[in-house]
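# Examining the three-dimensional arrangement
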Amino acid sequence: MKKPRIVFLALLAVCMALPLLLFDFKRDEVSEINNAKLTELDFSNGISMDNISAYINDRIGLRSEALTAYQVINDRLFHEMVHPTYCYGEEGYVFGKLRQNTVDEAFVRSFCEYLRRMQDYCQERGVPFIYCVTPSKNTVYSQYLPEGYVYNNKFLACLYENLERCGINYVDNAVYLTELAAQEQIFNVKYDSGHWNDLGEFYGMNNILQKVREYFPSVQMLQLSDYVIEQVEKTTLPVSHFAISEVVPSFQYVNADKLTYPEGFEDIRLTGPYRTFSVSQTDRVDADLPSVLFFHGSYFNRNIGLFSFAFGQEYSVHNYENVLDFDYYFNIFQPDCVIFETAEYATSATYFDRDKMAAKTLNAPLESCDLSKAYTVSIAAGAAELPELSFQQNGGSRLVTMTAAVDAGYRYGYYVSGGYSYDLELSEGALSVTADVQRTDLRNGTLYLFK
């Protein structure tokens, strides 16, 4: 009897030792099963047992394998999804983890007021501004939410009320796509519950373009025949080992060879963890197409070609913190149109800093200013009577930045160069402005500073 006991104890010891031997000590690690950053030890405010416990729970060896096995057992035996990100709905639908229906009305008011300042900034420069909210799967397919879960979407009602109050020019993709969902599967049943599928993106983008055509009739709507549509099998949920089997649509744009992606913007300013940025250009000569500055969330990270081909140039920036630098991007790209999209579930203080939005100021156009009250400086061939005047451009970059020291008393200013007007960034006795050298290299122009 001793030998079986020894074998059992040896196996038990191995099982206990393996998780410790495989402990994950690496910094800045992200869980592959729920896309969350693993807990770091933080003793800045003293030793916390909660922090130590969370650190061990997140990083213990074989954690992913154990959680996956636990999920499989619950799914197979009880048809229950025990997962930090997903839950089952009715008729096999999978949704993101459900939370209480609440709305931060103060945030929504501030958000829409910031939209209004962006819209005024654009309109004062003769540039159309369009906002769009993209609905969640919970909204579009609410009839398949888990039994007993009451979905009362107070957020969208509050958002629409404030969009109307602030006079925002917006596209309502929520109502449009919810109606369309009665005939089309625009979110997959299981796969990627956090985003629409390629068919949903096609309809959602086309609905925005319908609004764009009110300002630019040359912009064309595309048809499903403009894509090669394949059916691709997905075997696990995104960022998860949870097994599924679902065939989903995959769109490939037939005119992809007519799109180019200019380089030289690698050092553009991007803030926070969401750093998706791209530039595309259409090699079409059959229409006078506008350029667009497009702020968007993750619904549009996989651009299936519609926006790129509809415009002459498309400058895409992941929103959230980056939208606080709206005037910085507007300066560089001088767009003909600005579109700002947010996902329903991400239009919150978690992603948009309410205080920073409230504090953000945007210049009126130079044409509305009394130039007689400006301190004016002419710059020729990169020289002027300004201390510490310099021009920075990294090798291969299309971006050039002019900086100089100025009196700290100036509140706002402009730089006119190459036929373009640029807002200055002023802080702590210094000015800076960034431009695309294919428009102007900033070495010749006129500076206007106002107190």
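Residues numbered from 1 in each chain as written. Predicted model: local features only at pLDDT ≥ 70, side-chain atom pairs only at ≥ 80, totals over all residues. Heavy atoms only, no water.

## Thoughts on the pattern of salt bridges
Pairs may arise between side chains of opposite charge once their charged atoms sit close together. For the coordinates displayed, the defined rule picks out ten salt bridges. Residue R165 is joined to E113 by a salt bridge in which the shortest nitrogen-to-oxygen separation is 3.3 Å. Of this pair, R165 sits in helix α6 (residues 154-165) while E113 is found in helix α4 (residues 105-123), placing the two residues 52 residues apart along the sequence. The class for E113 is partly exposed, based on a relative accessible area of 35%. Between R269 and D325 there is a salt bridge; the shortest N-O distance is 3.2 Å. Of this pair, R269 sits in the loop between β7 (259-260) and β8 (277-282) while D325 sits in the loop between β10 (313-318) and α10 (326-333), and the two are 56 residues apart along the sequence. (Salt bridge = Lys/Arg side-chain N within 4 Å of Asp/Glu carboxyl O. Helix = DSSP H or I, 4+ residues; strand = E, 2+ residues; numbered from the N terminus. Buried < 20%, exposed > 50% of the residue type's maximum accessible area, 1.4 Å probe, protein only.)

## Thoughts on the nonpolar core
By size, the foremost hydrophobic cluster in this structure holds 88 residues, and its most contacted members are F111, Y131, L159, I186, F326, I339 and F340. Here this core takes nine residues from α4, the largest share from any one element. If near-sequence neighbours (up to four positions away) are discounted, F326 is found in contact with Y114, M118, Y121, C122, L293, F295, V338 and L362. Judged by nonpolar contacts, the second largest core, of 19 residues, contains L386, M402, Y415 and L449. (Core = buried A, V, L, I, M, F, W, Y, C linked by side-chain atoms within 4.5 Å. Contact = heavy atoms within 4.5 Å.)

## Focus: the packing of helix α7 (residues 173-180) against helix α8 (residues 198-212)
Where α7 meets α8, the closest approach of the two axes is 10 Å, and the angle between their N-to-C directions is 135°. On the basis of the axis angle, α7 is oblique to α8. The element α7 and its partner α8 pack so that their crossing is right-handed. Between α7, through N173, Y176, L177 and L180, and α8, the contact on the second element is made entirely by G200, Y203, G204, N207 and I208. Its residues assigned to classes, the contact of α7 with α8 shows five nonpolar, four polar and no charged. (Axes fitted to C-alpha atoms, helices over the stretch in contact; angles between N-to-C directions. Parallel < 35°, antiparallel > 145°, perpendicular 65-115°, else oblique. Left-handed = near helix turned anticlockwise from the far one by under 90°. Nonpolar A, V, L, I, M, F, W, Y, C, P; charged D, E, K, R; others polar.)

## Notes on the sheet that holds strand β19 (residues 445-450)
One open sheet holds the four strands; their spatial order is β12-β19-β15-β16, and the pairing between them is antiparallel. Each edge of the open sheet carries a strand with a single partner, namely β12 (375-379) and β16 (420-423). Each adjacent strand pair in this sheet contributes to an overall mean axis angle of 20°, direction not counted. Here β12 runs beside β19; their pairing, made up of five bridges, is antiparallel. (Pairing = 2+ DSSP bridges.)

## Some details on the environment of T102
Summarising the element assignment, T102 is placed in the loop between β2 (94-96) and α4. Spatially, the C-alpha atom of T102 lies 8.4 Å from that of N153, the residues being 51 residues apart in sequence.

## Some words on the packing of aromatic side chains
Going through the model one piece at a time under the given rule, you end up with 44 aromatic pairs. Ring geometry for Y93 against Y144: centres 4.1 Å apart, planes inclined by 5°, an arrangement best described as stacked. Here Y144 lies in the loop between α5 (137-140) and α6 and Y93 lies in the loop between β1 (86-88) and β2, a separation of 51 residues in the sequence. Looking at Y144, the relative accessible area reads 19%, which means it is buried. Aromatic side chains Y141 and Y144 sit 6.3 Å apart centroid to centroid with 40° between the ring planes, which places their arrangement in the tilted category. As far as the burial class goes, Y141 and Y144 line up, both buried. One cation-aromatic arrangement involves K451 over Y410; the distance from NZ or CZ to the ring centre is 5.3 Å. (Phe/Tyr/Trp six-rings, centres within 6.5 Å; stacked < 30°, edge-to-face > 60°. Lys NZ or Arg CZ within 6 Å of the ring centre and 35° of its normal.)

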